[in-house]
Amino acid sequence: MQAKFVIQLCVAMFFWGGAWSATKLIVDYTSTDVLAFWRFALAAVSFLPIVLFWHVNLAISRRTFLFLLLASLMNVGYALLFFRGIVMGLAGAGGVLVTTLIPIATFLLAFLIYRHKPSKIESIGLSLGLISGFLLTQLHTPELLLANGNLYFVASAFVWAILTLILQNIHHDIHPVAINFYICLFSVILFAPLVNEPTQLLAIFHFDWVFWAGMLFISCCSVAIGTTLYYHAIKQLGGSKASAFNLLVPLFAMLLSWALLGETPTLNTMIGGSLAIVAILCLSRR
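Described below are features of the structure shown in this document. (Residues numbered from 1 in each chain as written. Predicted model: local features only at pLDDT ≥ 70, side-chain atom pairs only at ≥ 80, totals over all residues. Heavy atoms only, no water.)

A closer look at the side chain of Glu263
Looking at the element boundaries, Glu263 is found in the loop between α12 (248-261) and α13 (267-283). Among all residues touching Glu263, those that are not within four sequence positions of it are Lys24, Leu90, Ala91, Gly92, Ser257 and Trp258. (Helix = DSSP H or I, 4+ residues; strand = E, 2+ residues; numbered from the N terminus. Contact = heavy atoms within 4.5 Å.)

And the structure:
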């Protein structure tokens, strides 16, 4: 029985890691605001049959609504930074950098907010996280920081860390699938005014199958199906076991970008990514 949920987790991690390569394939078709709008619009629609099948309660209080709205604002910021980083940089490097930096950034922000004194093992984890960040962002070559999109990737990781801390306030009040549905729905509404030329929204229906394959992958597969599989497995295996599978995301991101886009991982990416994984393991002990 557990093997079934392990497979579900691996599929979810594959979808999340593959979203980086899929995004890289379609970023040249249209503007980033149009891509972000349709990604969350299609994801919100994809969540509807899941909500109906699981009989997910969508009722929310005013307090929950406000937190979801704030989280959606962070999601808009993350998406804009994410797409901009992909346009300028490498999908594999970005996938490793962001997915490994998010838990480190979340722990660091929580430490600053709640004044939690890190234990010895957590201090080691933070130190390794800083070293991995130095390698992944290539701070030793400052001229590359902007050129390869790493600055956008770092910013997006910290924005997602803030979003994570915001959602900590309501995770006991609402089903996780409902959280993701509302964030996608609110993000669509928030993205609408950001589209410079509304006529561009309809232009995607004239694009080829490569665009649609990539768009459906990053919206339906990555956001809706991947998220649902993840939370379904959490119910059966527990959060501790399921969260460990997140470490597969940077691996899938790097391998798929190499296979699909021909992006050869650099030594910095491999060493920095490995150190980041060890750092996450140290920080997740608490």
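Now that the structure is up, let's keep going.
What to know about the side chain of Arg39
Within the secondary structure, Arg39 sits in helix α2 (residues 32-54). It turns out Arg39 is buried and unbridged, and the closest side chain with the opposite charge, Asp33, is 14 Å from it. In this structure Arg39 touches Phe82, Phe83, Met215, Ile218, Ser219, Ser222 and Val223, once residues within four positions along its chain are discounted. (Buried < 20%, exposed > 50% of the residue type's maximum accessible area, 1.4 Å probe, protein only. Lys, Arg positive; Asp, Glu negative; His and termini not counted. Salt bridge = Lys/Arg side-chain N within 4 Å of Asp/Glu carboxyl O.)

Quick look at helix α10 (residues 209-237)
Its axis deflected by about 35° at Cys221, α10 carries its strongest bend there. A distance of 3.2 Å separates the backbone nitrogen of Val210 from a side-chain oxygen at the start of α10, and that oxygen is part of Asp208. (Bend = angle between axes of the 7 residues up to and from the residue. Polar contact = N/O pair within 3.5 Å; in protein donor to acceptor, adjacent residues only side chain to side chain.)

Quick notes on the packing of aromatic side chains
Inspection of every chain in the model, using the stated rule, returns 22 aromatic pairs. With centroids separated by 6.4 Å and ring planes inclined at 80°, the aromatic side chains of Phe14 and Phe217 adopt a geometry described as edge-to-face. Of this pair, Phe14 sits in helix α1 (residues 2-26) while Phe217 sits in helix α10, placing them 203 residues apart in sequence. You can call Phe14 partly exposed: its relative accessible area is 31%. Take Phe217: its relative accessible area is 17%, and that puts it in the buried class. Ring centres 5.2 Å apart and planes at 50° place the aromatic pair Trp16 and Tyr230 in the tilted group. Of this pair, Trp16 sits in helix α1 while Tyr230 sits in helix α10, placing them 214 residues apart in sequence. (Phe/Tyr/Trp six-rings, centres within 6.5 Å; stacked < 30°, edge-to-face > 60°.)

Section: the packing of helix α3 (residues 62-88) against helix α7 (residues 150-167)
Where α3 meets α7, the axes come as close as 8 Å, and the angle between the chain directions of the two elements is 165°. Judged by the inter-axis angle, α3 sits roughly antiparallel to α7. Where α3 crosses over α7, the handedness of that crossing is left-handed. In terms of residue class, the contact of α3 with α7 is made up of 19 nonpolar, four polar and one charged. (Axes fitted to C-alpha atoms, helices over the stretch in contact; angles between N-to-C directions. Parallel < 35°, antiparallel > 145°, perpendicular 65-115°, else oblique. Left-handed = near helix turned anticlockwise from the far one by under 90°. Nonpolar A, V, L, I, M, F, W, Y, C, P; charged D, E, K, R; others polar.)

What to know about the packing of α1 against α3
One can describe the packing of α1 onto α3 by two numbers: an axis separation of 9 Å at closest approach and a directional angle of 70°. By the criterion of interaxial angle, the relationship of α1 to α3 is roughly perpendicular. Like other packed secondary-structure pairs, α1 and α3 cross with a definite hand, here right-handed. Residues Trp20, Thr23 and Lys24 of α1 lie in contact with α3, whose contacting residues are Tyr78, Phe82, Phe83, Ile86 and Val87. Of the residues belonging to the contact of α1 with α3, the class tally is six nonpolar, one polar and one charged.

Remarks on the environment of Phe65
Relative to the helices and strands, Phe65 resides in helix α3. With relative accessibility at 33%, the residue Phe65 sits in the partly exposed group. Measuring from C-alpha to C-alpha, the distance between Phe65 and Ile179 comes to 9.9 Å, with 114 residues separating the pair along the chain. With sequence-adjacent residues up to four places away left out, Phe65 is seen in contact with Ile60 and Phe186.

Purely spatial values, then, with no claim about function.
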